[in-house]
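# Report on the structure
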Amino acid sequence: MISKEAISMTVKEAVAILTKKYPGRVVLGYWEDGDDYIFNTKPIKAIRGLAAPGQFVVTKDGDVYGTNPMRHNLDPKAMKKI
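Let us look at the structure shown here. (Residues numbered from 1 in each chain as written. Predicted model: local features only at pLDDT ≥ 70, side-chain atom pairs only at ≥ 80, totals over all residues. Heavy atoms only, no water.)

### Looking at the overall build of the chain
Put simply, the test is: Segments assigned H or I by DSSP are reported as helices when at least four residues long, segments assigned E as strands when at least two residues long, and all are numbered from the N terminus. For every residue, the accessible area obtained with a 1.4 Å probe (protein chains only) is divided by the maximum for its type, and the residue is called buried under 20%, exposed over 50%, and partly exposed between those limits. For this analysis, residues touch if any pair of their heavy atoms sits within 4.5 Å. Using a 1.4 Å probe, accessible areas were evaluated by the Shrake-Rupley method; residue-level cover was limited to the displayed protein chains.
Assigned secondary structure in the chain consists of two helices and five strands. The helix and strand sequence of the chain, counted from the amino end, reads α-β-β-β-β-α-β. The 82 residues of the chain split such that 30% are buried. Long-range pairs, those at least 24 residues apart, make up 45% of the contacts in the chain with a sequence separation of at least 6. Summing over all exposed atoms, the chain offers an accessible surface of approximately 5600 Å²; the carbon and sulfur share of this is 55%.

Below is the structure:
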């Protein structure tokens, strides 16, 4: 976990946090939201009937949670590809 005193983290560190919590996800790209990152992902293997978010937020504190494009007003054209 990133300590609460941490000022920022790199994209690489945030991806590592996300994939540790959700190892079945592949990161396609990201948006920056202040000190947080929002990642666009897809599953490694399509699992029939799986309802899971495609976007996840990784906070500077190391918390990870699912989100959606409308909640964060994400513009697909502004996504930085990985």
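Now that the structure has been shown, the text picks up again.
### What to know about the nonpolar core
Basically, it comes down to this: Here, nonpolar core refers to any group of buried Ala, Val, Leu, Ile, Met, Phe, Trp, Tyr and Cys residues whose side-chain atoms link them within 4.5 Å.
Among the nonpolar cores identified, the biggest contains ten residues, and these are Met-9, Ala-14, Leu-18, Val-27, Tyr-30, Tyr-37, Phe-39, Phe-56, Val-58 and Val-64. Looking at this core, the elements with two or more residues in it are α1 (11-21), β1 (25-33), β2 (36-43) and β3 (55-58).

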